[in-house]
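What follows is the residue order along each chain.
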Amino acid sequence: MRESLMAGFQRANAEEGVDAIVLSGANGLFTGGADITEFGREIGLQRPNLHQIIAAFEASPKPVIAAINGTSMGGGTEVSLGCHYRVAAKSALIGLPEVKLGLLPGGGGTQRLSRVGGVEIALKMIVSGEPEKAEALEDVGVLDAVYPDAGFIDAACAFAREKVALGAPHPRVRDLKIKMADPASLFAAARTEAAKKYPRLTAPQKCIDAVEWSVTLAIDEGLAREWALFLELQDGVASKALRHKFFAERAAGKVNGLPKDVRPREVK
């Protein structure tokens, strides 16, 4: 999918008749995020990897609009943060659930979300791993617009034409500055709360560390440290155990050899 996504992007950028690029999904799903089976394996790093796709979108001379038509999780949400603009359907749910696998967002989520939406929403979403509704993210500036589900893609394309008409340059999340009066107190409070909620888990505290880097470090250094911390957590016992649990729960719901059209009998 990464290969075809990059190929489509490059084709659109090379075509003279294309003024803007609108990225969307299908069947109520913008993206389910990364393939968890790739974590810890060489295939997950093969070109084009997630970081290269996001960097390409961010550097695009033509505006790239993420049209989030439904659920958006993990790496796909990070791709949207690399786009110049983000619009969503009213029913969309947007999240960064990596902490539930003992990880943190490794595609720039800890560095970009706080820049576009503020530190509070970044901590809330990344430390809990719970998704947010589109309207809530429009209120804090993560989304540029929210449209009804009916006719959503047409609305997203109309939005794109408006932005083309404004001309370049188009905004990049990486260039935004975070302004906070007392960041130290906020992060201290977040660590205390996380220690109470998740006393035996390492990842929530590491997520807080990474979000704090978005305030204290230049973005390229923050991105590098985020990725190094992702790899550290990925190789840790906690993440390996949580990923095993993730697959085990799904395997437990399947019966080998059972035809797909079989339905449970009524119990009475």
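Residues numbered from 1 in each chain as written. Predicted model: local features only at pLDDT ≥ 70, side-chain atom pairs only at ≥ 80, totals over all residues. Heavy atoms only, no water.

Considerations on the sheet that holds strand β2 (residues 29-31)
Here is step 1: With mixed pairing, four strands are arranged side by side in an open sheet as β2-β4-β6-β7. Each edge of the open sheet carries a strand with a single partner, namely β2 and β7 (132-133).
Here is step 2: Pairing of strand β6 (residues 93-95) with β7, which is carried by two bridges, proceeds in the antiparallel orientation. Looking across to β7, one finds that Ile94 is bridged to Glu132.
Here is step 3: Along the sheet, helix α3 (residues 74-82) contacts β2, β4 (71-73) and β6; its crossing angle with β4, the most-contacted strand, is approximately 95°. (Pairing = 2+ DSSP bridges. Helix = DSSP H or I, 4+ residues; strand = E, 2+ residues; numbered from the N terminus. Contact = heavy atoms within 4.5 Å. Axes fitted to C-alpha atoms, helices over the stretch in contact; angles between N-to-C directions.)

Some remarks on the packing of aromatic side chains
Here is step 1: In the structure shown here, the tally under the stated rule is four aromatic pairs.
Here is step 2: Judged by centre distance (5.6 Å) and plane angle (75°), the ring pair of Tyr85 and Phe159 falls under edge-to-face. One end of the pair, Tyr85, is in strand β5 (residues 85-89); the other, Phe159, is in helix α7 (residues 152-166), and 74 residues separate them in sequence. For the pair formed by Tyr85 and Phe159, the shared burial category is buried.
Here is step 3: Ring centres of Trp227 and Phe230 lie 5.1 Å apart, and the angle between their planes is 10°; this geometry places the pair in the stacked category. In this pair, Trp227 and Phe230 are both assigned in helix α10 (residues 219-234), three residues apart and thus about one turn of the helix distant. (Phe/Tyr/Trp six-rings, centres within 6.5 Å; stacked < 30°, edge-to-face > 60°. Buried < 20%, exposed > 50% of the residue type's maximum accessible area, 1.4 Å probe, protein only.)

Things to note about the pattern of salt bridges
Here is step 1: A complete count under the given rule lists eleven salt bridges for this structure.
Here is step 2: Note that Asp220 is salt-bridged to Arg174, the shortest N-O span being 2.7 Å. In this pair, Asp220 is assigned in helix α10 and Arg174 in the loop between α7 and α8 (183-197), connecting sequence segments 46 residues apart.
Here is step 3: Its relative accessible area of 17% is what places Arg174 among the buried residues.
Here is step 4: The shortest N-O distance in the salt bridge between Arg191 and Asp209 comes to 2.8 Å. On the criterion of sequence distance, the pair formed by Arg191 in helix α8 and Asp209 in helix α9 (residues 203-216) is long-range, its members being 18 residues apart.
Here is step 5: Judged by its relative accessible area of 24%, Arg191 is partly exposed.
Here is step 6: Look at Asp209 and you get partly exposed, because its relative accessible area is 23%. (Salt bridge = Lys/Arg side-chain N within 4 Å of Asp/Glu carboxyl O.)

Focus: a nonpolar patch on the surface
Here is step 1: Residues Val255, Leu258 and Val262 make up a contiguous nonpolar surface patch of roughly 260 Å² in combined accessible area.
Here is step 2: Looking at the secondary structure, you find Val255 in the segment after α11 (237-252). (Patch = residues over 30% accessible without salt bridge, like charges linked within 9 Å, V, L, I, M, F, W, Y side chains within 5 Å. Areas by Shrake-Rupley, 256 points an atom, 1.4 Å probe, with all protein chains shown as cover.)

Interpretation note: all reported values are geometric properties and have no functional meaning in isolation.
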